[in-house]
Amino acid sequence: MTVSPLIWGITIVVILALLAFDYFFHIRKAHVPSLKEAAVWSSIYVGLAIVFGILVLVFGGAQMGSEYFAGYITEKALSVDNLFVFLIIMASFRVPREDQQKVLLFGIVFSLIARTGFIFLGAALINSFAWVFYIFGLILLLTAGNLLKPGDHGDGQANNFIIRLAKKLFHTTDKYDGDKLFTMVNGKRALTPMLLVMVAIGGTDILFALDSIPAIFGLTQNVFIVFTATAFSLMGLRQLYFLIDGLLDRLIYLSYGLAAILAFIGVKLILHALHENNLPFINGGEHVNVIEITTGLSLSVIIGVLVITVVLSLISPAGKAQTAINNARRHAVDYLDLDYTADANERERIYRALTAEEAQIVQMPLKYRNKAKDVEKIREQVAEAHRQHEAFLNR
């Protein structure tokens, strides 16, 4: 189905309006969103994505609707995995809690721009060269393999080449000045960590697009569906970050589930490439008669793998233990970091979460407690958080 320029225009205006609304009504005034606020707005954005999918289903047909939902679910799952890296980057730069929303919104906008460019580039390549499906398929298979490697959640992304180059070429400061991108230090204009963290987020967004776009092109070649599924998967990512903050580590099998999905789509792309083959060194340049995977089967596999992955992660004793220990470590560090937040209520929330996690850790078997890295250092940080809290109460 061909989408008219009018529909394209209306869709782009709606997406831009949602981004503008997010900035002017939520981001402009720095604050820490409550769990209720994050839950409500995350639900609203998911609801809007579903409503849009239903409209596609009604006006575009079952095939187009199925392709949209398959693409949206896949891109949303990949976006959740990307939150691991955002968490690492913001922790590395010690971004104040109140200003993390602005960084995330920038990441979403930059990601949307970068992925839109990749979408139209990918569409142009696909229309001109059928063999591009082979390349996309191999990219996804390699990405799936990388996801199976231990610790592959973007460690070190915050100190990437772009950041090192920026620090070398420009005058930078380690101190934040609210949410300003530039500040004055000793009479000289300097880049603040806020600008650097946005650069780091933007750089990783480009890397994410390299596997995200081939994945959705493996499900549909309709550019309108690719664009809208990608855009709506990014909408609400900021709210989702605060909603599942602290639960990300609980999804210990998410990388395995995503690896299975990307490998499945990679195989689907290669099968499609064989079906459309025109490379002279494969079957003499003739099409290869292979089974093609339908969109309905793709949607079923994606949903099934994600459900199994999430359920196994949530019921796993190891997952529960890892979550409690990692969160205790994170909350102890956040509480001890005086620059983390200026909000007294947020600091009290962190301390309550820390004590609740300690109670969970005490009740878990020793075999899980002893698996934690740097367990002695974690205990020291937790003990110091208790001492500082006691000193604060006795002032």
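Treat the numbers as computed from the prediction; the structure is a model and nothing was measured.

Undergrad: Got a minute to help me understand unusual backbone geometry in this structure?
TA: Excluding glycine, residues mostly have negative phi values, and the peptide bonds linking residues are mostly trans. Despite not being glycine, Asn283 shows a phi value in the positive range, around 55°. Its place among the elements puts Asn283 in the loop between α10 (254-275) and α11 (295-315).

Undergrad: Sorry if this is basic, but what is going on with the pairing of strand β2 (residues 188-191) here?
TA: For a regular strand, side-chain orientation follows a simple rule: the groups alternate between the two sheet faces. Note that strand β1 (residues 182-185) and β2 share four bridges and pair antiparallel. Each residue of the ladder has a partner; that of Thr183, found in β2, is Ala190.

Undergrad: Looking at this structure, how should I read a nonpolar patch on the surface?
TA: A contiguous nonpolar surface patch, about 950 Å² in accessible area, is contributed by Leu148, Tyr253, Tyr256, Ile303, Val307, Ile308, Val310, Val311, Leu312, Leu314 and Ile315. Ranked by residues supplied to the nonpolar patch, first place goes to α11 with eight residues. Relative to the elements of secondary structure, Val307 occurs in helix α11. Look at Val307 and you get partly exposed, because its relative accessible area is 47%.

Undergrad: Explain the packing of helix α1 (residues 5-27) against helix α2 (residues 35-60) to me, please; I cannot follow it from the model alone.
TA: When two helices pack together, their arrangement is captured by the angle between the axes and the distance separating the axes. Taken N-terminus to C-terminus, the directions of α1 and α2 make an angle of 175°; their axes are 13 Å apart at the nearest point. Overall, the two elements α1 and α2 adopt an arrangement that is roughly antiparallel. Along the contact surface, α1 presents Thr11, Leu18, Phe21, Asp22 and His26, while α2 presents Glu37, Trp41, Tyr45, Leu48 and Phe52. Each residue belonging to the contact of α1 with α2 can be placed in one class, and the counts come to six nonpolar, two polar and two charged.

Undergrad: Mind showing me how you'd approach the nonpolar core here?
TA: It is characteristic of soluble globular proteins that their nonpolar side chains tend to be buried jointly. By size, the foremost hydrophobic cluster in this structure holds 90 residues, and its most contacted members are Tyr68, Val197 and Phe217. Filtering out sequence-adjacent residues up to four positions away, Tyr68 remains in contact with Ala49, Phe52, Gly53, Val56, Ile225, Thr228, Ala229 and Phe232. Counting 16 residues, the second largest nonpolar core, distinct from the first, contains Tyr340, Tyr351, Tyr368 and Ile378.

Undergrad: Is there a simple way to think about the side chain of Thr295 in this case?
TA: Along the polypeptide, Thr295 turns up in helix α11. Thr295 gets classed as buried once you look at its relative accessible area, which sits at 9%. There is a polar contact of 3.2 Å between the side chain of Thr295 and the side chain of Gln63. In this structure, Thr295 is in contact with Gln63, Ser66, Glu67 and Leu219, ignoring residues within four places of it in sequence.

Undergrad: Please clarify how the pattern of salt bridges should be interpreted in this entry.
TA: Pairing is possible between side chains that carry opposite charge, provided their charged atoms lie close to one another. On inspection of all chains with the given rule, the structure shows three salt bridges. Residue Glu75 pairs with Arg115 through a salt bridge whose shortest N-O separation is 3.5 Å. Here Arg115 lies in helix α4 (residues 100-128) and Glu75 lies in helix α3 (residues 62-92), a separation of 40 residues in the sequence. Each member of the pair, Glu75 together with Arg115, is buried. For Arg387, the salt bridge goes to Glu384, with nearest N and O atoms at 2.7 Å. Here Glu384 and Arg387 lie together in helix α15 (residues 375-393), a separation of three residues that amounts to about one turn. Relative accessible area serves as the criterion here: at 28%, Glu384 is assigned to the partly exposed category.

Definitions and cut-offs
- Residues numbered from 1 in each chain as written.
- Predicted model: local features only at pLDDT ≥ 70, side-chain atom pairs only at ≥ 80, totals over all residues.
- Heavy atoms only, no water.
- Helix = DSSP H or I, 4+ residues; strand = E, 2+ residues; numbered from the N terminus.
- Pairing = 2+ DSSP bridges.
- Patch = residues over 30% accessible without salt bridge, like charges linked within 9 Å, V, L, I, M, F, W, Y side chains within 5 Å.
- Areas by Shrake-Rupley, 256 points an atom, 1.4 Å probe, with all protein chains shown as cover.
- Salt bridge = Lys/Arg side-chain N within 4 Å of Asp/Glu carboxyl O.
- Buried < 20%, exposed > 50% of the residue type's maximum accessible area, 1.4 Å probe, protein only.
- Axes fitted to C-alpha atoms, helices over the stretch in contact; angles between N-to-C directions.
- Parallel < 35°, antiparallel > 145°, perpendicular 65-115°, else oblique.
- Contact = heavy atoms within 4.5 Å.
- Nonpolar A, V, L, I, M, F, W, Y, C, P; charged D, E, K, R; others polar.
- Core = buried A, V, L, I, M, F, W, Y, C linked by side-chain atoms within 4.5 Å.
- Polar contact = N/O pair within 3.5 Å; in protein donor to acceptor, adjacent residues only side chain to side chain.

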